[in-house]
Structure formats: structure tokens, C-alpha cells
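# Architecture at a glance
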Amino acid sequence: MKERFPALIALFLLTALVLGTWWAADYAQRAVQVDPPRRVTHEMDSWARGFVMLRTDPDGKPINRIEGEYAEHFPDDDSYHVTSPRAIGQQEGNPITVGVSKTAIIEAGGKRIVMNGDAHIHRQPDARNDPLDVRSQQLIILPDEDVVLTDLPAQVLKGNSRMNGTGMHYDNKTRQLRVSSSSDVEIAGSESRKRQQGDSAPDNSNQKQP
């Protein structure tokens, strides 16, 4: 028994040392203040002058380009706020559209562009269609779908025809224009003849093909 006593003392001391070390480590971890998780706020992390963003299709062909005098990036929602923006849509087979406004917010990596303040979208003419102009205080561009829409009052000009309405959705692929409610419509005589020949123009219905 006397021979085992020193071994038991050593085992006891080793156990006490292990427990003491564990307690000290746990106490130190609780005592030292750990940095709280970084609070995500809507704060700019980078900026650029002469801003340009170019997006391409899977084949590498450019489908839209947006540029501006100045841009700020916000990491919380990965958005860009652009001053004096100019957005160009150039999908193959569709008329080129150009949008300008006072400011713009680019969201979802360029898949959604919100044009704010005197927003104006111009669709260039083609062999069968006159130029088309849409104006509103806010126009939302969905470049991948080649769509322009707004929930606000908008004015649509096609050739010599004009329409004012609230809530607008224009598909550049199908040339189809939907207006939630139109309040003022003026159709030029040439547009009326085109409609009789199968090429429609803005009218009082809620769906048009300019």
C-alpha cells in the first residue's frame, strides 16, 4: 500500500491540474469579451467615377450596358447607386433601347435596374415600327427579359401617337404594351391605317402592341 501511495498522489495531482486548466481556460473565454457579429448596415464600401457595367449572354455577346458619371456600391444588398445613368439594351433580334434618368439603382447583379427621376426609355425604330418613347418618374428595366415597367403614371409616344396612363409593362421581344389604366389617348391617322393593316398602335384597350 505504501508503494502505491505516491502513485495515487501523482494521479490526484494530475487530475487536479487537468481540471484546473480546463476551468481556467473556460473562465478566460467567458471573461474576455468576444467581438459581436458585424452589424450589416446600408453603408457604402466603394465608389467609382466613369462607372461602366457590361453584361453578356451565355455565348459572351453583350446584352446590356449601363454607365454613369458616379457610382457607389453597398455590400448589404450588393446594389450600385448610379448618378446620371445611361442603360443600353441590345439583345440580338430586338430593337436597341436606351434609358436615361437622374439616378439609378442596379440590383441583383444587373438583372434589375430602377431608373429614378425624369426616366426616359427610347426604343429605336426598325423596318416595321416607329420609334417608341416612354417617360415616367420611375422606370424599372429587367434586362434579361428585355422588359420595362412602372407602377407610376407614364407617357408613351409612338410616332405621332400619344398615350398617358398609370401602370405600364412593355415587352421589347413581343412589342407588347400593357397599361393598367389609360387616361389620355391620341392616335395619329397614319397609326390608325397601320392598325387596319395589322400593325397595332396605342389605343384605349389595356393591351397594345406598339
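Residues numbered from 1 in each chain as written. Predicted model: local features only at pLDDT ≥ 70, side-chain atom pairs only at ≥ 80, totals over all residues. Heavy atoms only, no water.

## Considerations on the confidence of the model for the protein chain
The cut-off we apply is this: For every residue, the pLDDT score states the predictor's confidence, bounded by 0 at the bottom and 100 at the top. Contact criterion: two residues are considered in contact whenever any of their non-hydrogen atoms come within 4.5 Å of each other.
Averaged over the protein chain, the pLDDT score is 81; the fraction of residues at 70 or greater is 78%. The low-confidence segment residues 192-205 (pLDDT under 50) makes 28 contacts with residues lying over four places distant or belonging to another chain.

## Points about the packing of aromatic side chains
Condition: Only centres within 6.5 Å qualify two rings of Phe, Tyr or Trp (six-membered ring in Trp) as a pair; their planes then separate them into stacked at under 30 degrees, edge-to-face at over 60, and tilted for everything else. Only DSSP runs of H or I reaching four residues or more are called helices, and only runs of E reaching two or more are called strands; each is numbered from the N terminus. Think of it in three bands: with a 1.4 Å probe and only protein chains considered, a residue is buried below 20% of the maximum accessible area for its type, exposed above 50%, and partly exposed in between.
Under the defined criterion, the tally for this structure stands at two aromatic pairs. The interplanar angle of 35 degrees and the centroid separation of 5.4 Å between the aromatic rings of Phe51 and Tyr80 together place this pair among those described as tilted. Taken together, the residues span a long stretch of sequence, with Phe51 in strand S1 (residues 46-56) and Tyr80 in strand S3 (residues 79-83) at a distance of 29 residues. Given a relative accessible area of 9%, Phe51 falls into the buried group.

## As for the environment of Asp76
Relative to the assigned elements, Asp76 resides in the loop between strand S2 (62-74) and S3. For Asp76, a relative accessible area of 34% puts it in the partly exposed group.

## Observations regarding the nonpolar core
Here is a general trend for soluble globular proteins: nonpolar side chains tend to be buried in one another's company. For clarity, the cut-off: Throughout, nonpolar core names a set of buried Ala, Val, Leu, Ile, Met, Phe, Trp, Tyr and Cys residues whose side chains join them through atoms within 4.5 Å.
Core analysis: the biggest nonpolar cluster contains 24 residues, and Phe51, Ile66, Val134, Leu139, Ile141, Met168 and Leu177 have the highest contact counts within it. Among the nonpolar cores identified, the runner-up in size contains five residues, and Val114, Leu142, Val147 and Leu149 belong to it.

## Side note on a nonpolar patch on the surface
Basically, it comes down to this: Residues forming no salt bridge and having over 30% relative accessible area are the ones grouped into patches, like charges within 9 Å of each other and nonpolar side chains (Val, Leu, Ile, Met, Phe, Trp, Tyr) within 5 Å. We get accessible surface area from the Shrake-Rupley algorithm with a probe of 1.4 Å; when it comes to residues, only the shown protein chains can shield them. Any Lys or Arg side-chain nitrogen found within 4 Å of a carboxyl oxygen on Asp or Glu counts as a salt bridge.
A cluster of nonpolar side chains, contributed by Leu14, Leu17 and Val18, occupies part of the molecular surface with about 300 Å² of accessible area. Of note, Leu17 is situated in helix H1 (residues 4-31).

## Focus on unusual backbone geometry
Positive phi is not limited to glycine here, since Asp118 has a value of about 50 degrees. Residue Arg175 is not a glycine yet carries a positive backbone phi of 60 degrees. Assignment of secondary structure puts Arg175 in the loop between strand S10 (161-171) and strand S11 (176-186). Its relative accessible area of 14% is what places Arg175 among the buried residues.

## Points about the pattern of salt bridges
Counted according to the given criterion, the structure contains seven salt bridges. In this structure, Lys102 engages Asp118 in a salt bridge whose closest nitrogen and oxygen atoms are separated by 3.5 Å. Of this pair, Lys102 sits in the loop between strand S5 (97-100) and strand S6 (103-107) while Asp118 sits in strand S7 (residues 112-123); the two residues are 16 residues apart in sequence, bridging distant segments of the chain. When its relative accessible area of 52% is taken as the criterion, Lys102 is described as exposed. Here the salt bridges do not stand alone but share partners, grouping Arg65, Glu67 and Arg86 into one network.

## Details of the side chain of Thr150
Cut-off, in case you're wondering: Polar contacts, as counted here, are pairs of nitrogen or oxygen atoms within 3.5 Å of one another; within protein the pair requires one atom able to donate a hydrogen and one able to accept it, and residues that are adjacent in sequence qualify only if both atoms are side-chain atoms.
Mapped onto the secondary structure, Thr150 falls in strand S9 (residues 147-158). Side-chain polar atoms of Thr150 contact the backbone oxygen of Gln138, separated by 2.6 Å.

## Comments concerning the environment of Asp133
Note that Asp133 resides in strand S8 (residues 132-142). Residues Asp133 and Gly99 lie 34 residues apart in sequence; the distance between their C-alpha atoms is 9.6 Å. If we skip the residues at most four places from it in the chain, Asp133 touches His120, Ile121, His122, Gln155, Val156 and Leu157. At 2.9 Å, the side chain of Asp133 forms a polar contact with the side chain of His122.

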